[in-house]
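If you want the building blocks of each chain, they are given just below.
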Amino acid sequence: MSDTHAASVPYVRDTMLPQNAPPSTAQGPVKWVRESLFSSIPYTILTLAALYVIYLILSGFLPWLLGGVWTTSNIRECREVLDGAQAGCFSVLTERWNQLLFGIAYPQDGYWRPTAAFVLLFVAVAPVLFGNLPRWLILFTVLYPFIAFWLIWGGSLFVPLSALLAALIGYVIYSRIVKKSFAGAFFAGLLAGGVAWVVFSFITPQLSGVLALEPVASRNMGGFMLNMILGVICVSLSLPLGILLALGRQSSLPIIKLICVVFIEFIRGVPLITLLFVANVVLAYFLPPGTNFDLILRVIIMITMFASAYIAEVIRGGLAALPRGQYEAADSLGLDYAQAMRLIILPQALKISIPGIVNVAVGLFKDTTLVSIISMFDLVGMIRGPILASTDWNGVYWELWGFAALLFFVVCYGISQYSQWLERQLQTDHH
Amino acid sequence: MAEQAQALNVSNEVAISIENMNKWYGTFHVLRDIDLTVYRGERIVIAGPSGSGKSTLIRCINALEEHQKGRIEVDGTVLSSDVKNIDKIRSEVGMCFQHFNLFPHLTILENCTLAPIWVRKTPKKEAEEIAMHFLEKVKIPDQADKYPGQLSGGQQQRVAIARSLCMRPRIMLFDEPTSALDPEMIKEVLDTMVELAEEGMTMLCVTHEMGFARQVANRVIFMDEGQIVEQNEPEEFFNNPQSPRTKLFLSQILGH
Amino acid sequence: MTTMSDPQQGSFRLSMLLNDTRYRSYTFQFIALILLIALMAFLGINLVRNLAEAGLNISYGFLNVPAGYDINQSLIDYNSQSSNLRAAMVGIINTLLVAFLACITATILGVIAGVARLSKNWLVSKLMSVYVEIFRNIPVLIWILMIYTLMTAVLPAPNQFRGDNATSSMLFDAFAFTNRGIYIPAPVWGPGSMIVVATFILSIVATIIYRRYAVSLLFRTGKLLPMGWPTIAILLVPSILIFFIMGSPIALDYPELKGFNFRGGLQIGAPLIALWLALSVYTGAFIAENVRAGIQAISKGQTEAASSLGLRPKRVMNLVVLPQALRVIIPPLISQYLNITKNSSLAIAVGYADITATLGGITLNQTGRAIECVLLLMLFYLTISLSISAIMNVYNNSVSLKER
């Protein structure tokens with residue numbers, strides 16, 4: 001057959017060949033093991049070494065984890081129960097559970113409040129993270145900051161309600177004018193919202209007892225809750241600020257550009273801890289005498305500034321990645337700068353930037369542990385301070401650090417997995 | 001001037017008048033002493049080798065590029081540094097780009113209604129009706145809810161034309177509208193442009209499609225080194241070019 | 001009508017400040033400038049009033065006052081009578097020391113992990129992704145504190161090395177891991193040791209010359225000299241020969257247990273080790289990702305093109321893939337070095353005397369000069385960051401692909 005084929009140049013196939021299975025040596029688990037684990041002598045050595053490392057880690061870790069004690073009330077009892085066995089005293093976690101999560105000073109009967117706020121957080125971010133959910137859910141996202149504030153800080157429901165109402169009034173004014181002029185609408189909305197807020201602030205004190213939860217001062221926040229509060233608030237606040245800084249840095253106006261470049265490079269050039277020092281000991285000097293807002297608010301300001309500089313750089317990358325033609329098409333249709341940015345450029349640039357923004361958010365969330373250095377009692381601060389210093393649990397290190405590490409790992413790994421999923425989504429979108 | 005208009009058999013109403021316009025990129029002199037009058041209803045094709053400044057010329061007309069010297073008047077509005085004048089001209093002059101420049105995050109319909117809603121302040125419903133009208137005109141009303149990335153190049157360019165038409169422009173500029181297209185898609189875009197020309201739209205096209213020029217243009221302008229070298233009616237231009245540069249250019253693009 | 005004509009030319013109207021492209025950029029910038037100045041003035045006035053109220057002033061005189069505190073790890077002469085400025089210098093040197101050490105180990109770790117993650121050996125590549133994911137998803141502060149705990153709470157006290165029934169023993173009689181730090185042999189530079197060192201440096205130069213010569217020989221004649229073993233030989237043989245000819249001038253001072261503590265050798269304090277290791281493993285995980293991304297960024301087409309030209313796999317790596325991958329890897333690598341330097345400020349959490357712990361910590365608390373200390377601290381980090389950015393820009397410009 002092949003002879004005739006080679007000899008006669010004109011050739012037409014009359015029967016198609018069916019698909020055949022590959023030879024057995026080229027498929028199945030045997031092939032996989034041979035190719036991916038024992039393909040050569042160095043590889044075999046590597047595999048065995050890796051297996052040994054895994055054995056070492058697991059043989060040390062598993063008995064410690066599985067043999068652990070969960071129910072004693074202090075380290076001495078725990079050691080008695082263990083009776084010399086190498087296992088963990090996880091009872092420190094059960095006994096100090098609430099302190100680890102909520103800090104020392106949060107009212108005990110109010111623990112459900114931050115827990116509820118935490119659970120609702122997932123509902124609130126879901127429509128932002130996943131585009132295929134019903135759009136009306138975004139309404140809850142808008143309401144969430146007010147609900148969460150009320151739940152965590154307590155006080156009368158009318159305080160966040162009046163803030164919501166003021167924001168609503170501002171938004172209505174804005175959307176009425178925005179087609180005429182974005183800048184006018186923006187400032188009018190801001191002004192209307194501000195005026196409404198001031199007016200309401202005369203009324204709300206009268207209603208202080210109505211529909212009220214027990215108020216909790218900011219300084220009483222602690223534990224992992226504090227990390228979450230700082231992370232969520234600072235990331236959300238730094239996003240709009242970062243957008244403005246990125247637009248400023250891309251601007252053709254040299255003075256505005258210079259201001260943004262100096263701000264961004266300055267913030268990115270210094271470690272977060274120095275900014276926390278500023279919040280702790282310096283910021284008060286730059287505020288009007290007598291103003292005394294609490295440390296957590298000052299820390300939020302500084303961390304927000306810190307994060308916004310990094311987010312600005314991410315968004316600048318997104319802006320730079322957009323083809324020049326998008327700007328030109330917007331111009332040629334007669335859109336002005338604000339319209340072109342709001343309707344054409346930013347929606348696209350932000351979409352490209354989301355993975356980068358998520359990375360900044362993960363980094364920022366990890367960095368919230370730094371507040372323990374300026375003696376705030378976040379999760380790390382709680383462990384280093386009240387728990388390890390107490391006579392009950394002095395000496396239980398690995399259980400506590402392991403727990404802290406696990407909490408952060410779960411959150412950060414989860415977010416970064418989401419970011420990778422999103423990156424894959426973006427690659428396939430509309431192409 | 002009026003005689004010229006009569007000679008070209010179009011109305012004598014001036015749509016665009018460019019007088020003594022010059023432009024530099026840094027020290028490079030891209031456009032040199034351009035004088036051009038476009039009458040209402042004229043279809044002008046601008047040809048020339050790459051780098052001759054033809055794209056820059058039509059981009060100056062709606063201020064995508066700033067000219068440094070001379071005067072441009074579009075529909076009675078002088079193109080000055082006044083933002084209001086620039087906005088007015090841009091909303092009356094439609095433009096199609098080589099790479100379509102559709103907005104990939106918006107559907108076809110949203111692409112078409114965006115500018116009417118935000119610039120012309122047309123109510124959304126009305127804007128959508130207008131958009132559907134023009135999408136039917138470019139023969140892709142059924143793609144209205146898709147995204148640009150889901151369309152072929154030719155379809156995208158027709159959407160881009162419809163998007164410009166939705167602003168009800170009195171003048172259309174085309175910047176090499178078929179250069180980025182696969183050969184089999186060029187025709188559908190050219191057909192749309194021909195139809196537009198037959199309706200009397202004032203058009204300025206930078207293009208290498210000489211067949212199109214013969215068919216619809218009433219004037220062909222040849223540019224080289226930032227200057228207008230020759231302009232004439234298409235018959236004369238193609239059959240009896242005067243300048244040696246024009247002859248060379250025509251022999252290069254029509255050679256095979 | 002020769003210049004750009006404008007009907008309203010000459011007649012300036014106020015509305016042109018907003019509507020004319022020539023003026024409106026000035027208007028916006030002017031407004032921005034006014035706002036900035038107003039903000040600065042607001043902050044400045046508050047500062048002056050607050051300082052007046054507290055009876056303070058801005059002064060850097062405290063830098064020359066004796067610091068009054070001890071620093072356990074210092075590379076330069078320092079005692080509690082030294083000035084605050086001297087303490088800050090100690091801090092700067094300590095910051096640079098730990099940053100330098102961590103950069104080296106993080107790079108080594110990161111390159112190994114990054115390459116191993118691309119290994120076809122499934123187990124190794126999975127093990128490396130576990131390393132990367134675990135270390136970069138847990139805050140570096142927690143790593144620093146964990147390793148510090150390991151150093152201080154788990155390692156034995158020096159006195160456990162004592163006696164006949166000692167519970168701990170030294171490694172090779174040279175290394176002692178104690179809760180006061182790690183003791184390692186210290187080199188003692190005898191007479192003539194400089195000659196050995198000089199020989200070694202010359203050997204390095206010689207290897208470079210040899211490799212250059214081999215390449216140029218290849219280019220001129222097409223003859224390729226062996227590269228591998230001559231390099232090692234030139235590098236080591238002369239130094240070893242000179243070392244013995246000079247009568248072993250470089251000796252090692254081994255740490256020894258004297259009384260309740262080790263004497264001799266080089267002591268590396270637990271805070272330094274904790275910081276060094278934590279920064280290395282944490283940043284190493286990020287570098288591993290950069291390395292992996294860099295190698296993967298080189299398209300398969302490049303490898304295939306090089307192989308199809310008949311280059312052997314090793315040459316493909318050295319001549320085609322690596323030069324391109326380095327272009328991608330080095331910029332993020334340098335910014336990781338910057339991150340190490342900035343994260344080294346967490347030294348304050350374990351009491352390592354870096355610049356943040358001395359100037360921003362003890363000096364600040366003792367003198368109360370918060371504004372001055374924090375300002376100087378920020379200036380130091382800014383200087384480092386801007387210098388590293390400058391180096392990065394020079395590098396980027398020198399390697400940027402020449403494109404049309």
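Quantities reported herein were computed from a predicted structural model and do not represent experimental measurements.

**Q** Hey, could you go over the UniProt feature "transmembrane region" (unreviewed entry) in chain C for me, with residue numbers and the actual values?
**A** Residue and element names in this part refer to chain C. With numbering matched to this structure, UniProt assigns "transmembrane region" (unreviewed entry) to residues 26-48, 87-113, 134-155, 188-210, 231-252, 272-295 and 374-395. Between the C-alpha atoms that bound residues 26-48 the distance is 32 Å, and the span itself is 100% helix and 0% strand. Across residues 134-155 one finds 82% helix and 0% strand; the C-alpha atoms that close the span lie 24 Å apart.

**Q** Could you give an account of the interface of chain A and chain C, naming the residues involved and the relevant values?
**A** Facing 55 residues of chain A, the contacting portion of chain C comprises 54 residues. When chain A packs against chain C, close to 4,800 Å² is buried across both sides, 76% of that on carbon and sulfur atoms. Between chain A and chain C we count zero salt bridges in total. Counting across the interface, chain A meets chain C through 14 residue pairs in polar contact (both at pLDDT 80 or more).

**Q** Explain the pattern of salt bridges residue by residue, including any values.
**A** All names here are of chain A. In total, this model carries 26 salt bridges over all chains according to the counting rule given. Note that Asp 392 and Arg 76 form a salt bridge whose closest N and O atoms lie 3.8 Å from each other. You can see Asp 392 sitting in the loop between helix H17 (379-389) and helix H18 (398-428) and its partner Arg 76 sitting in helix H4 (residues 75-82), a full 316 residues away along the chain. On the basis of relative accessible area, Asp 392 is assigned to the partly exposed category, the value being 24%. You can call Arg 76 partly exposed: its relative accessible area is 46%. For Glu 313, the salt bridge is made with Arg 316, and the minimal N-O distance between the two is 3.1 Å. You can see Glu 313 and its partner Arg 316 sitting in helix H14 (residues 295-321), three residues apart, about one turn around the helix. Overall, Arg 316 belongs to the partly exposed group, its relative accessible area being 27%. Sharing partners across several salt bridges, the network here consists of Arg 249, Glu 265, Glu 313 and Arg 316.

**Q** For the state of the cysteines, give the residues involved together with the corresponding values.
**A** Residues and elements named next belong to chain B. Tallied over the full model, the rule gives one disulfide over all chains. Unpaired in terms of disulfides, Cys 166 finds its nearest cysteine sulfur in Cys 112, a separation of 4.5 Å. Take Cys 205: it sits in no disulfide, and the sulfur closest to it among the cysteines is that of Cys 96, at 9.3 Å. Using a relative accessible area of 2% as the deciding quantity, one classes Cys 205 as buried.

**Q** Describe the sheet that holds strand E2 (residues 28-39) of chain B, naming the residues involved and giving the relevant values.
**A** Adjacent strands of a sheet form backbone hydrogen bonds with each other and so pair up, either parallel or antiparallel. All names here are of chain B. Read from one edge of the open sheet, four strands run E2-E1-E4-E5, paired in antiparallel fashion. Unpaired on one side and paired on the other, E2 and strand E5 (77-78) mark the two borders of the sheet. Pairing between strand E1 (residues 14-25) and strand E4 (residues 69-74): five bridges, direction antiparallel. The residue of E4 that forms the bridge with Ile 18 is Ile 72. The strands touched by helix H2 (residues 54-61) are E1, E2 and E4; relative to E1, the strand with the most contacts, the crossing angle is about 120°.

**Q** Go over a nonpolar patch on the surface with me, naming the residues and quoting the values.
**A** Among the surface-exposed residues, Tyr 52, Val 53, Tyr 55, Leu 56, Ile 57, Leu 58, Phe 61, Leu 62, Leu 65 and Leu 66 of chain A lie close enough to one another that they form a single nonpolar patch of about 970 Å² accessible area. Looking at where Leu 58 of chain A falls in the secondary structure, it is placed in helix H3 (residues 41-66).

**Q** Report on unusual backbone geometry, specifying residues and quantitative values.
**A** Residue and element names in this part refer to chain B. The phi dihedral of Asp 75 is positive, around 50°, even though this residue is not glycine. Position of Asp 75 relative to the elements: it lies in the loop between E4 and E5. The backbone of Arg 168 shows a phi angle near 50°, a positive value even though the residue is not glycine.

**Q** Please give an account of the UniProt feature "domain: ABC transmembrane type-1" (unreviewed entry) in chain A that cites residues and values.
**A** Mapped onto this numbering, the UniProt entry gives "domain: ABC transmembrane type-1" (unreviewed entry) at residues 224-419 of chain A. Secondary structure across residues 224-419 of chain A comprises 79% helix and 0% strand; the distance between its end C-alpha atoms is 23 Å.

**Q** Tell me about the environment of Val 128 of chain A, residues and numbers included.
**A** All names here are of chain A. Checked against the element boundaries, Val 128 lands in helix H7 (residues 112-129). Along the backbone, Val 128 and Ile 138 are 10 residues apart, and their C-alpha atoms lie at a distance of 7.3 Å. Each residue touching Val 128, except ones within four places of it in the same chain, is listed here: Ile 138 and Thr 141.

**Q** So, the sheet that holds strand E7 (residues 266-268) of chain C: which residues are in play, and what are the values?
**A** Residue and element names in this part refer to chain C. Reading across the sheet, the three strands line up as E1-E2-E7 and stay open at both edges, with antiparallel pairing between neighbours. Bordering the open sheet on either side are strand E1 (176-178) and E7, each of which pairs with just one other strand. Direction aside, the axes of adjacent strands within the sheet are offset by 20° on average. Pairing of E1 with strand E2 (residues 181-184), which is carried by three bridges, proceeds in the antiparallel orientation. When the sheet's bridge partners are listed, Thr 178 is paired in E2 with Gly 181.

**Q** Would you mind going over helix H6 (residues 193-221) of chain C in detail, with residue names and values included?
**A** Residues and elements named next belong to chain C. The terminal C-alpha atoms of H6 lie 41 Å apart, and with 29 residues this matches the ideal 42 Å at 1.5 Å per residue to within 8%. Here H6 has its buried residues at Ser 193, Val 196, Thr 199, Ser 203, Thr 207, Tyr 210, Ala 214 and Leu 217. Buried residues in H6 make contact with strand E3 (186-189), helix H7 (228-245) and strand E4 (250-253).

How each quantity is defined
Residues numbered from 1 in each chain as written. Chains lettered and ligands numbered in written order. Predicted model: local features only at pLDDT ≥ 70, side-chain atom pairs only at ≥ 80, totals over all residues. Heavy atoms only, no water. UniProt positions renumbered as here; feature names shortened; annotations may be inferred. Helix = DSSP H or I, 4+ residues; strand = E, 2+ residues; numbered from the N terminus. Contact = heavy atoms within 4.5 Å. Buried area = accessible area lost by both parts, 1.4 Å probe. Salt bridge = Lys/Arg side-chain N within 4 Å of Asp/Glu carboxyl O. Polar contact = N/O pair within 3.5 Å; in protein donor to acceptor, adjacent residues only side chain to side chain. Buried < 20%, exposed > 50% of the residue type's maximum accessible area, 1.4 Å probe, protein only. Disulfide = S-S within 2.5 Å. Pairing = 2+ DSSP bridges. Axes fitted to C-alpha atoms, helices over the stretch in contact; angles between N-to-C directions. Patch = residues over 30% accessible without salt bridge, like charges linked within 9 Å, V, L, I, M, F, W, Y side chains within 5 Å. Areas by Shrake-Rupley, 256 points an atom, 1.4 Å probe, with all protein chains shown as cover. Expected span 1.5 Å × (residues − 1).

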